[in-house]
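Chain by chain, the residues:
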Amino acid sequence: LVYKSLCNGDSAISDTLAIDNTQPPSSEIDSVSVDINTGKVIIGWSKNPAPDVMNYTIWRALGANNVPIDTIDSTFYIHPTSNPNSGALAYTLTAIDSCLNQSIIQSSHTTMFLRSVYDTCNKSITINWTAYFGWANILGYDIYIKNGQSPFIKLQTNNPSNLSYTFTNF
């Protein structure tokens, strides 16, 4: 008999131990947003169902390339060096198990980039934003307004193809 241990820490006294060479299932991002107070991107996802997942690698999607940003063991990440003021940012995720098997990289999710134009003659503000990418079926975009210290109030929901709104009478 030979004493051997597996990469996940399991051990046994046996002549054969099964080595884990199976990728964990894919992990899917469920939210990418920008904290309005800090300006940092927050990425969230559900815990991977594989019992031996150790951590997750967060990737920044740059065109056809994915660049690893960080590897962590929680189900949310705050990107400390993100700059969502320059445009929409895209992220994806992989799960890594105890034998360092990595899941397949899923499609990326993006932040939305908002721009505004103030028209002094018409006394209006038009906001335009980039579409959120990551889910196949976006049902719409909720538009909120806030005045001073008052809470946000929902004005309306735009259909997914309407990426602008004009405020008047403010």
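Presented here is a report on the structure given in the accompanying data block. (Residues numbered from 1 in each chain as written. Predicted model: local features only at pLDDT ≥ 70, side-chain atom pairs only at ≥ 80, totals over all residues. Heavy atoms only, no water.)

### Notes on a nonpolar patch on the surface
Moving on, step 1. Together, Ile36, Tyr144 and Phe152 make up an exposed nonpolar region whose accessible area comes to about 370 Å².
Moving on, step 2. Along the chain, Ile36 falls in the loop between strand S3 (29-34) and strand S4 (41-45). (Patch = residues over 30% accessible without salt bridge, like charges linked within 9 Å, V, L, I, M, F, W, Y side chains within 5 Å. Areas by Shrake-Rupley, 256 points an atom, 1.4 Å probe, with all protein chains shown as cover. Salt bridge = Lys/Arg side-chain N within 4 Å of Asp/Glu carboxyl O. Helix = DSSP H or I, 4+ residues; strand = E, 2+ residues; numbered from the N terminus.)

### Description of the nonpolar core
Moving on, step 1. Residues Val32, Ile43, Trp45, Ile58 and Tyr91 are the most contacted members of the largest nonpolar core, which totals 23 residues.
Moving on, step 2. For this core, the secondary structure elements donating two or more residues are S3, S4, strand S5 (53-62), strand S8 (90-97), strand S11 (124-129), strand S12 (141-145) and strand S14 (164-167). (Core = buried A, V, L, I, M, F, W, Y, C linked by side-chain atoms within 4.5 Å. Buried < 20%, exposed > 50% of the residue type's maximum accessible area, 1.4 Å probe, protein only.)

### What to know about the layout of surface pockets
In this approach, a probe sized like a water molecule rolls over the atoms, and the result shows the empty space that is left.
Moving on, step 1. Estimates place the volume of the largest pocket at around 980 Å³.
Moving on, step 2. Around the largest pocket, the lining comprises 26 residues; the ones closest to its centre are Ile36, Met112, Leu114, Trp129 and Asp142.
Moving on, step 3. Contributions of two or more residues to the lining of the largest pocket are made by S3, S11 and S12.
Moving on, step 4. A total of five residues in the lining of the largest pocket trace back to one element, the largest contributor, which is S12. (1 Å grid on protein atoms, 1.4 Å probe; cavity = no way out; pocket = protein on both sides within 12 Å on 5 of 7 lines; lining within 4 Å. Points joined across faces, edges and corners; volume = space filled by probe spheres on them.)

### A short note on unusual backbone geometry
Note on backbone geometry: most residues besides glycine have negative phi, and most peptide bonds are trans.
Moving on, step 1. In this structure, Leu100 takes a positive phi of about 65° despite not being glycine.
Moving on, step 2. Within the element layout of this structure, Leu100 appears in the loop between S8 and strand S9 (109-110).
Moving on, step 3. The phi dihedral of Lys123 is positive, around 50°, even though this residue is not glycine.
Moving on, step 4. Topologically, Lys123 is positioned in the loop between strand S10 (114-119) and S11.

### Section: the sheet that holds S8
Moving on, step 1. With respect to topology, four strands assemble into an open sheet ordered S6-S5-S8-S9, the strand pairing being antiparallel. Each of the sheet's edge strands pairs with one partner strand only, and the pair in question is strand S6 (65-72) and S9.
Moving on, step 2. Two elements, S5 and S6, share seven bridges in a ladder whose sense is antiparallel. In the sheet register, Trp59 faces S6, and the bridge partner there is Pro68. (Pairing = 2+ DSSP bridges.)

Don't take any of this as a statement about function, it's just geometry.
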